[in-house]
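Coordinate analysis (summary)
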Amino acid sequence: MSFFTDLQKTLRQNIREYGMFIALFLIMAIFTATTDGVFISPRNISNLLNQTGYIAVLAVGMTLVIVIRHIDLSVGFLAGFLGAIAAIALTSWGLPVYIVIPMVLVMGVLAGCITAFPVAQLGIPSFVASLAGWLIYRGAILLVTLKTGTIIIPDEAFNAIGNGYISDIPGLDSFLPELHKLTLLLGLIAIVFYIISEINSRRNKIAYNFEVLSSGVFALKLIFMSALIGLITWVLAGYNGLSWTVVIVLIVVGVYHFVTTQTVLGRHIYAMGGNPEAAQLSGINVKKLIYVVFGSMGMLSALSGILFASRLQSATTTAGTLFELDAIAAAYVGGVSAAGGVGKVTGSIIGALVMLSLTSGMNLMGIDISLQYIVRGAVLVMAVVFDVATRTSGK
Amino acid sequence: MDTPILEMKDITKEFPGVKALSNVSFRVKKGEIHCLVGENGAGKSTLMKVLSGVYPYGSYTGDILFDGEPQKFFNIRDSERAGIAIIYQELALVPEMTVYENIFLGNEIKGRFVIDWNETIKRAGDALKKVRLNVNPETKVKDLGVGKQQLVEIAKALSKDVKLLILDEPTAALNEDDSENLLNLLRELRGHGVTCILISHKLKEVIEIADSVTVLRDGQTICTLDAAQGEVTENRLIKNMVGREINNIYPPKEKREVGESLLEVRNWNAYSPALGRVILRDVNFNVRKGEIVGIAGLMGSGRTELALSIFGNPVGYQIRGDIYIKGKKKSFHHPQDAISAGVAYVTEDRKGNGLVLIQDVKQNITLANLREIAKRSVVNDNMEVKVANEYKTSLNIKTPTVEQKVMNLSGGNQQKVSVAKWLFVKPDVLILDEPTRGIDVGAKFEIYTIMRRLVSQGMGIIMISSELPEVLGMSDRIYIVSSGRITGELPIEEATQEKIMQMATN
Ligand SMILES: Nc1ncnc2c1ncn2[C@@H]1O[C@H](COP(=O)(O)OP(=O)(O)OP(=O)(O)O)[C@@H](O)[C@H]1O
Ligand SMILES: [Mg+2]
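Residues numbered from 1 in each chain as written. Chains lettered and ligands numbered in written order. Predicted model: local features only at pLDDT ≥ 70, side-chain atom pairs only at ≥ 80, totals over all residues. Heavy atoms only, no water.

Details of the interface of chain B and chain A
Contacts between the two partners involve 35 residues from chain B and, on the opposite side, 26 residues from chain A. In terms of surface lost to chain A, no three residues of chain B exceed His334(B), Leu367(B) and Asn382(B), which account for 20% of the buried area on that side. Along the contact surface separating chain B from chain A lie two salt bridges. Among the ionic pairs, Glu384(B) bridges to Arg267(A), the shortest N-O distance being 2.6 Å. Scanning the region where chain B abuts chain A turns up nine residue pairs in polar contact (both at pLDDT 80 or more). (Contact = heavy atoms within 4.5 Å. Buried area = accessible area lost by both parts, 1.4 Å probe. Salt bridge = Lys/Arg side-chain N within 4 Å of Asp/Glu carboxyl O. Polar contact = N/O pair within 3.5 Å; in protein donor to acceptor, adjacent residues only side chain to side chain.)

Right, dumping it as structure tokens:
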């Protein structure tokens, strides 16, 4: 009996965080029903995750940009431009992959810092500075692809980033032949790791006499999350296993989640978003933070460009079009606040998944593109309204 | 005169984890000036927000009777329509708009389709006359001082035909003259039949102006005192507010040795490009180990600018002059430099640039010294809570947990969080800018005690304050600032209010 009241209370208090999971779950359930299960098929889910990749990494970076009360509109075409540079470096310049990728990432950081310069030094609104970047990089893509048009990338290693899957444990072919064993193993490790870390943090909190979830609700949460990870792993293992794109996204999210929640740098970023003047007077170098956040955004744009070019196995003249808006929408759907100082990296990833699931599901259902835009717009508004409504009622 | 205009009965209001008001009763007679006093977090602001509909009917329990009628206010508009106007602790004017636009904001005078600006300006002029504010209605609000802005707020309220005017700590940020002005205005309004509720921590002015006083403590009504019966005395107010007697407002000074010079500023000049004028001229002063140095002066004399320009100059003044820390010449290009040299600055405007309101108590306390609780740049959350709880206890911060968002604390407790934040930096020199603004007598005493303890442990404190009694009661030495210059230095033995005022105004 008290278990249900506990559960109700927990849900009500954390409605904002769980709301997104519930929304994602609902969307997936609806599409599964309307497409006779095609939506949830291993192949489609695997595809969906691979398509989310290049928006997801942008959404991660955009989260931080919005948290510090700025915006970066240039990321889409920057990604496209750097994808084209990667293609040119691989083909015309004949550079190897292991040089091209770090080189392009560094160029991304530089590009981000260039956008940050007028913002940090002169106080120019980032909307304007990055709008200029939008125009410039758009021109730049056209310029570098002027002679060739679409550049086909023949490099297999490079193309594997967007299309390949991690290889399986060798010598186990006879055991569970339809499934990808390494993926299952990694999934299992993830579940164990998750449970141990949750139990540890709960024990720690109890030692400090903090309020914790009641043991019933806690167990339910563990079971639910483990089941979720397990399910995704199972579905993926049934196709080709983990793709390199998913691995990359997981690493990026892991690193950014750690930095934003656990480190001094993360704290400084959120404090600056909450009150820039107070942050500055607390000895935080806000100019430096602007460079750091935009620099990271630039690096992730480069990564997004690489993922996209690799997925298409080519660089096109229109690569990156509207990526920035998808990333911004994902961040807002994921609970970032425009007022600054609020928003989680993990939320934005869920936001990206929500938006991409919509696209994928509606494509499967054969819904016309015009309607798709309208639906996505409506979902964006609903998500933000929900977010604002739950925030004020929490007061 | 004895009919109540307002009766609030059995008001109970809860926030998650806090019972801000429990069964509060509050009665205000028609045409009186009724003061509401109590410690920080006693529930004064909350009670007024219940009354004015900020917390809508249904989010609290109890009854409100206004003008003999039971009332259900669902928002501020409802209470305004009934004739209640509230002026909040924080001013709510739009700085970039003109005085007349502000006065009629949300209440625009329309012609057939569009705003009738001529009529607006004329009526704004009338409203300004009522509050005896002699400014051109076309001035932008940001170009007025705080005192005048306060009067604009009142003019705005009066333009709406109010019966009951509520002012939440209106004089906290005003100097003596402006405060006196405001109190006179309230008396005049009383003459015109406007009832007034005034929240204040300045007991002197409460005694001076109140017809009756209601004391709240811990969300409960303690008593209502009647001035005509001679019940409103300082001792009685304090005793009812705090629940015990406080005999000395200032803790006793111990004999201490004053040591080496910790911070010295020489030939300090600052020019503000934003304002286009020189704001500090040839300032020389120092603070030594074990002493509290008071900096007195009128509002706008340049004291906060002085502190900011020393503290790493975040505003970007052009500066000439030298800073010496323990005799060594230093230059600070960023607040960070000042902090690492052992200087801390508790700002005057805690909401504007002191605290991150959307973050919780513990995050605010540790913000300026995160490295202390981090190992290789990774923050130790548990240590953070431990540190925060230590300050919660030692400064007596009233909050259910250190995980409470700072915006949910009462004004005075927010101030304590600011102080805690800078104590955690463990500085050698602590600059306090108006440290007791908006703080109740009990908490003031606590902060004063902490200051004494810190100097006896070897810190040097610079206290900027507009409260002369506080400057005289706490300082070991006093500098007086006027128009960006230091116009005098007095050892405490020679200092008097008259001398300071004279130096501050020349
Ligand atoms: N939105 C809120 N959420 C949670 N607690 C709140 C909120 N607003 C006020 N409180 C709590 O209610 C209590 C009363 O606060 P209130 O602001 O009314 O105090 P006050 O008497 O006006 O104090 P001060 O003199 O410091 O302004 C405090 O303990 C405060 O922390
Ligand atoms: Mg208050």
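Structural notes on the pairing of strand E20 (residues 460-464) of chain B
Residues and elements named next belong to chain B. For E20, a buried count of five out of five residues is recorded, marking the element as mostly surrounded by other parts of the structure. Burial along E20 is two-sided: Gly460, Ile462 and Ile464 facing one way and Ile461 and Met463 facing the other are all buried. Pairing analysis gives four bridges linking strand E13 (residues 292-297) to E20, with the strands arranged parallel. Looking at the pairing, Val293 lines up with Ile462 of E20. Pairing between strand E19 (residues 429-433) and E20: five bridges, direction parallel. Bridging from a neighbouring strand, Leu432 pairs with Met463 of E20. Handedness of the crossover joining E19 and E20 through helix H15 (residues 441-456) is recorded here as right-handed. (Buried < 20%, exposed > 50% of the residue type's maximum accessible area, 1.4 Å probe, protein only. Helix = DSSP H or I, 4+ residues; strand = E, 2+ residues; numbered from the N terminus. Pairing = 2+ DSSP bridges. Right-handed = clockwise from strand over helix to strand, strands pointing away.)

Some remarks on the packing of helix H10 (residues 244-262) of chain A against helix H13 (residues 286-312) of chain A
All names here are of chain A. The contact between H10 and H13 brings their axes to 12 Å, and the two run at 170°. Comparing the axis directions of H10 and H13 gives the class roughly antiparallel. For the pair H10 and H13, contact is made by Thr245, Ile248, Val252 and Tyr256 and by Ser296, Met299, Leu300, Leu303 and Leu307, respectively. For the contact of H10 with H13, the per-class residue count stands at seven nonpolar, two polar and no charged. (Axes fitted to C-alpha atoms, helices over the stretch in contact; angles between N-to-C directions. Parallel < 35°, antiparallel > 145°, perpendicular 65-115°, else oblique. Nonpolar A, V, L, I, M, F, W, Y, C, P; charged D, E, K, R; others polar.)

What about the pattern of salt bridges?
Residues and elements named next belong to chain B. Summed over all chains, the structure comprises 30 salt bridges over all chains. A salt bridge links Lys398 to Asp218, with the nearest nitrogen and oxygen atoms 3.3 Å apart. Of this pair, Lys398 sits in the loop between helix H13 (381-394) and helix H14 (411-423) while Asp218 is found in the loop between strand E9 (212-217) and strand E10 (220-226), placing the two residues 180 residues apart along the sequence. A salt bridge links Asp322 to Lys329; its shortest N-O distance comes to 3.2 Å. Given a relative accessible area of 56%, Lys329 falls into the exposed group. Ionic contacts of the salt-bridge type, sharing partners, join the residues Arg288, Glu291, Arg477 and Glu489 into one network.

Here's the deal with the site of ligand 1
Residues and elements named next belong to chain B. Within the structure, ligand 1 sits among 21 residues, and Asn40, Lys44, Ser45, Thr46 and His201 are positioned closest to it. A distance of 2.5 Å is found between an oxygen atom of ligand 1 and a side-chain nitrogen or oxygen belonging to Thr46. Taking 640 Å² as the accessible area of ligand 1 by itself, protein coverage stands at 93%. Every element with two or more residues in the shell around ligand 1 is listed here: strand E2 (18-29), helix H1 (44-52) and H14. Among the elements that take part in the shell around ligand 1, H1 stands out by supplying three residues, more than any other. When its residues are assigned to classes, the shell around ligand 1 shows six nonpolar, twelve polar and three charged. (Near = heavy atom within 4 Å. Areas by Shrake-Rupley, 256 points an atom, 1.4 Å probe, with all protein chains shown as cover.)

As far as function goes, none of this settles anything; it's purely spatial.
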